[in-house]
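# Commentary on secondary and tertiary structure
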Amino acid sequence: MRAVQRQPISLLDSWPAPDTDAVRQALREELRRFDRKVVVLDDDPTGVQTVHDISVYTDWTEETFRAGLESNDRLFFVLTNSRSFSAGETTRVHREIAEHLAAASQKTGVPFVLISRSDSTLRGHFPLETETLRTELEALLPERYDGEILLPFFLEGGRYTIDNVHYVREGDTLVPAGETEFARDTTFAYRASDLTEWCQEKTGGAYPAEQVVSISLDELRRRDYDAVCEKLMGVSGFNKVVVNAVCYDDVAVFVTAYLRAAARGKVFMFRGSAAVVKVLGTVSDQPLLRRESVESLLRAFAEHLQTQKETERMIFRLAYRAKDDPTPLVGSPVLFDSGYFPALRTLPEGKGGSFLLRQYPEQVHCFYTAHHEELWDADTPEALQKLEAML
């Protein structure tokens, strides 16, 4: 096994800064031609922590998949919570998911790309989940999967992949993932920090480290889309592709190359963190949203659930109220009581969660933050310029 060492946080600055404007422009051009719905299977509820204004379903019936595929949104989440399952239960559930997703796709005529969203510290039922999905989907649909893309980078959690080694930030030190407490998990333990070796370890040698395809930071920072695309064009047999990344621009460059390969007929499944979901799903930022605000909102919602009566189904959302102004500024995140799930699953075409907010205004409880900037998102070039001027 490759010897790896802890690194100073300054290692993250060893590459030329990306040209963010050029990266975003290239990504936008490819996304305009991409006609697949992004379906995210989330093995743990924390997967939605970096996204907002998206649908999250808590079951995987055919009707649910049809609703998600027919919506106007680019992506939707299905919360499986499978990280807490046994291997047998995980297999059963993912066979069921594949059956229902395939049927929904055939009936709606909507193609999809599948992201198996999992832990950025490499815990989870890998390769069981994605292998099960691949086997079942290939039996039900004409497409054949060429490969699986592994992208565990997660900026918000301090997870970086450099020279194929996955690191977890601890203070000012980058610690190889195989040396952390996460690697000693009683259910999902592993030894390798090099992701090519991790693939070999977790698949029992089915995918040898030397055969795993690697996308380097040098290629991504050069924006060498052609080189990355050609590597993807050469992948077959569900071989694994490791993507190095230390910032969101690295992910965006890779996704652009992936979209070009997809346009040429290559079919991949993703296994990664919430970062690739955010880029491929074009989820705008709320860069000024504070962790403390989200945690306080979640605590308040949880406390309400413990004391509420059956008739007190509430909706909590983040808001800001200026002094001497009775009308609050409202925004995301929004938390719906489970009693609203049936209505969320049957929203009118083209409508999102805001439809229910308008339908049940008396049930909406605003949780106020002290800073109105936390509600701003960067979903237009003008909004982005305004936010960049503040940062």
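Below: a short report on this structure. Model, not experiment: these values are computed from the prediction. (Residues numbered from 1 in each chain as written. Predicted model: local features only at pLDDT ≥ 70, side-chain atom pairs only at ≥ 80, totals over all residues. Heavy atoms only, no water.)

## Quick look at the pairing of strand β12 (residues 268-272)
The element β12 is largely enclosed, with a buried count of five among its five residues. The two faces of β12 match: Phe-268, Phe-270 and Gly-272 on one face and Met-269 and Arg-271 on the other face are all buried. Bridge count for strand β5 (residues 112-117) against β12 is three bridges, and the pairing is parallel. Looking at β12, one finds that Ser-116 is bridged to Arg-271. (Buried < 20%, exposed > 50% of the residue type's maximum accessible area, 1.4 Å probe, protein only. Helix = DSSP H or I, 4+ residues; strand = E, 2+ residues; numbered from the N terminus. Pairing = 2+ DSSP bridges.)

## Considering the environment of Tyr-145
Summarising the element assignment, Tyr-145 is placed in the loop between α4 (128-140) and β6 (147-151). In this structure, the C-alpha to C-alpha distance between Tyr-145 and Val-267, residues 122 residues apart in sequence, is 5.1 Å. Residue contacts for Tyr-145: discarding those within four places in its chain leaves Phe-112, Arg-134, Leu-137, Glu-138, Phe-238, Val-267, Phe-268 and Met-269. (Contact = heavy atoms within 4.5 Å.)

## Considering the environment of Tyr-360
Looking at the secondary structure, you find Tyr-360 in the loop between α12 (354-359) and β15 (364-368). Expressed as a C-alpha distance, the spacing of Tyr-360 and Met-314, which sit 46 residues apart in the sequence, is 9.2 Å.

## Describing the pattern of salt bridges
If the charged atoms of two oppositely charged side chains come close together, the side chains can form a pair. Here the structure, examined in full by the defined rule, presents 27 salt bridges. A salt bridge links Arg-2 to Asp-163; its shortest N-O distance comes to 2.6 Å. One end of the pair, Arg-2, is in the segment before β1 (7-8); the other, Asp-163, is in the loop between β7 (159-162) and β8 (165-170), with 161 residues separating them in the sequence. Its salt-bridge partner being Arg-6, residue Glu-179 comes within 3.4 Å of it at the nearest N-O pair. Taken as a pair, Glu-179 in the loop between β9 (173-176) and α5 (195-202) and Arg-6 in the segment before β1 lie far apart in primary sequence, 173 residues in all. One connected set of salt bridges, linked through shared partners, spans Asp-42, Asp-43, Arg-83, Arg-117, Asp-119, Arg-123 and Asp-185. (Salt bridge = Lys/Arg side-chain N within 4 Å of Asp/Glu carboxyl O.)

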